[in-house]
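Next come the chains, spelled out residue by residue.
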Amino acid sequence: MCFIRVSLCSSLKIRVPLRLTDYSFSHSGVVRAPETQAVLGVQNYLEMAAQKLRPVGKVTFSISSRTDSGVHAICNSAHVDIERTPDKSPFSEETLVEALNYHLQPEPISIRKAIRVRDDFHARFKAISRTYFYRVVTGCKYRSLPVFERDLCWAAAERHLDVPRIQEAAQFFVGTHDFSGFRSIHKNTPCQSPVRTLLKADITPSTSLLPNPLQNSSLQFWDFTFKGKSFTYNQVRRMTSALVAVGLGNLTPQQIKFHLEERRPPMFPGAIVAPPSGLFLKEVEYDEEGKKMHM
């Protein structure tokens, strides 16, 4: 989802839900990358498309969630100001969506909807929650996965998970905690607070994205879903990795609680940050005004 603010004389803000479809395969991530870089970000392409609408001045998009390269978005959100010359009327929501999608071709980025919002709306700072889910599959090695699933999930183990133990461990994450033991330090956010509030941590059965999931009946798919106002860098991927370790018997639920309280990263056999390919941004929620954008 993306939100767009258009101004003519007086400020007019239009909020546009933007669907970013598999952008991670061909882009460096969401945020703008240097123009000299071989692989650009989603923001680069959004701003290049907006500039082709002949606005007054340079257009800058503010995006709600800054997903990394390799991560997917079912729906992301952004807002932008587009000022037109006095002799031109503001774009209608429908025209704006159609024009931006035309200029975004052939990139796998799609604007779904535009709605008007107040001048003080901000796609990132006005969000009240973000929901991610991480797709895990067990019962095979990576090379045995159906080819169309390989960049859309994590083949975590050949043996299956003890899901009740995972569900027990996941509940320790819910609430307000210092997540120092379940984050990575990023060069752009070295002073970011590790304290976050997790509203939801669920593990539910899932299915293959292929039309015929019976190609390999030994596969088990799971969605690890996390909801919170915001997350630290790599928090969802680190929590998922630790919970998978619980499901494989390499950690106990009580060890998750211990490392959360002690603010130290858990150590276990084969400890890694879960790869980005299994992570999906599912939804960004706003207040009553923002609910207009939901499809």
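These figures come from a predicted structure and were not determined experimentally. Chains are numbered independently. Their residues run from 1 in the order of the written sequence. Where local features are concerned, this predicted model is filtered to residues with pLDDT of at least 70; where side-chain atom pairs are given and counted, the filter is 80 or more; whole-chain, interface and lining totals use all residues. With hydrogens and water set aside, each side-chain value is computed from the structure's full complement of heavy atoms.

Visitor: Just checking my understanding: could you explain the environment of Q105 for this structure?
Guide: Numbered from the N terminus, helices here are DSSP runs of H or I no shorter than four residues, and strands are runs of E no shorter than two. Residue position: Q105 is located in the loop between α2 (93-104) and β7 (109-111). Throughout, exposure labels follow a simple rule: accessible area from a 1.4 Å probe, protein chains only, divided by the maximum for the residue type, with under 20% read as buried, over 50% as exposed, and the rest as partly exposed. For Q105, a relative accessible area of 54% gives the class exposed. Separated by 60 residues in sequence, Q105 and Y45 have C-alpha atoms that sit 9.5 Å apart. Here a polar contact is recorded for every N or O atom pair within 3.5 Å, except that within protein the pair must consist of a potential hydrogen donor and a potential acceptor, and residues adjacent in sequence are included only if both atoms are side-chain atoms. In terms of polar contacts, Q105 uses its side chain to reach the backbone carbonyl oxygen of Y102, at 3.0 Å.

Visitor: Please explain the UniProt feature "active site" (unreviewed entry) in the chain as it appears in this structure.
Guide: UniProt positions are given in the numbering used here, feature names are shortened, and annotations may be inferred rather than shown by experiment. Under the present numbering, the feature "active site" (unreviewed entry) in UniProt falls on D68. Of note, D68 is situated in the loop between β4 (61-63) and β5 (72-73).

Visitor: Is there a simple way to think about the packing of helix α1 (residues 42-51) against α2 in this case?
Guide: When two helices pack together, their arrangement is given by the angle between their axes and by how far apart the axes lie. Relative to each other, α1 and α2 sit at 115°, their axes nearing to 9 Å. Where α1 crosses over α2, the handedness of that crossing is right-handed. Together, Y45, L46, A49 and A50 of α1 and L100, H103 and L104 of α2 make up the contact between the two elements. In the scheme used here, Gly and all other residues not listed as nonpolar or charged are polar, with Ala, Val, Leu, Ile, Met, Phe, Trp, Tyr, Cys and Pro taken as nonpolar and Asp, Glu, Lys and Arg as charged. Classifying every residue of the contact of α1 with α2 gives 6 nonpolar, 1 polar and no charged. Working convention: axes come from line fits to C-alpha atoms, limited for helices to the stretch in contact. Angles between N-to-C directions cover 0 to 180 degrees. Note on convention: near helix rotated counterclockwise from far helix by under a right angle means a left-handed crossing. Clockwise means right-handed. Whether two residues touch is decided by their heavy atoms; if any such pair falls within 4.5 Å, the residues are in contact.

Visitor: Is there a simple way to explain the packing of aromatic side chains in this structure?
Guide: Geometrically, a pair of aromatic rings is defined through the distance of the ring centres and the angle of the planes. Between the rings of Phe, Tyr and Trp (Trp by its six-membered ring), a pair exists once the centres lie within 6.5 Å; its type follows the angle of the planes, with under 30 degrees stacked, over 60 edge-to-face, and the other angles tilted. Overall, the coordinates contain 6 aromatic pairs when judged by the stated rule. Ring plane angle 90° and centroid distance 5.5 Å describe the contact between Y132 and F231, whose orientation is recorded as edge-to-face. In this pair, Y132 sits in strand β9 (residues 129-138) while F231 sits in the loop between β13 (220-228) and α4 (235-247), placing the two residues 99 residues apart along the sequence. Of the two residues, Y132 and F231, both sit in the buried class. Judged by centre distance (4.9 Å) and plane angle (0°), the ring pair of F133 and F280 falls under stacked. Here F133 is found in strand β9, whereas its partner F280 is found in strand β14 (residues 279-285), with 147 residues between them in sequence.

Visitor: Looking at this structure, how should I read the confidence of the model for the chain?
Guide: Do not read the fine detail of predicted coordinates wherever pLDDT is low. As a per-residue measure, pLDDT reflects the predictor's confidence and takes values from 0 up to 100. Scored by pLDDT, the chain comes out at a mean of 83, with 84% of its residues at no less than 70. Scored below 50 in pLDDT, residues 1-25 shows 149 contacts in the model against residues more than four places distant or in partner chains.

Visitor: Where do I start with α2 in this structure?
Guide: Because an α-helix packs 3.6 residues into every turn, residues spaced three or four apart end up facing the same way. In this model α2 runs 16 Å from its N-terminal to its C-terminal C-alpha over 12 residues, within 8% of the 16 Å that 1.5 Å per residue would give. Looking only at α2, the buried set comprises E93, L96, V97, A99, L100 and L104. For a helix, the expected span equals 1.5 Å multiplied by the residue count minus one.

Visitor: For this particular structure, what's the right way to read the pattern of salt bridges?
Guide: Between side chains of opposite charge, a pair can form as their charged atoms come close. Between Lys or Arg on one side and Asp or Glu on the other, a salt bridge is scored when a side-chain nitrogen of the former is within 4 Å of a carboxyl oxygen of the latter. Taken as a whole and judged by the stated rule, the model has 6 salt bridges. Here K141 and E158 are joined by a salt bridge, their closest N and O atoms 4.0 Å apart. Highlighted residues: K141 in the loop between β9 and β10 (154-157) and E158 in the loop between β10 and α3 (163-170), separated in sequence by 17 residues. For K141, a relative accessible area of 36% gives the class partly exposed. When the shortest N-O distance is used, the salt bridge between E285 and K227 registers 3.1 Å. Of this pair, E285 sits in strand β14 while K227 is found in strand β13, placing the two residues 58 residues apart along the sequence.

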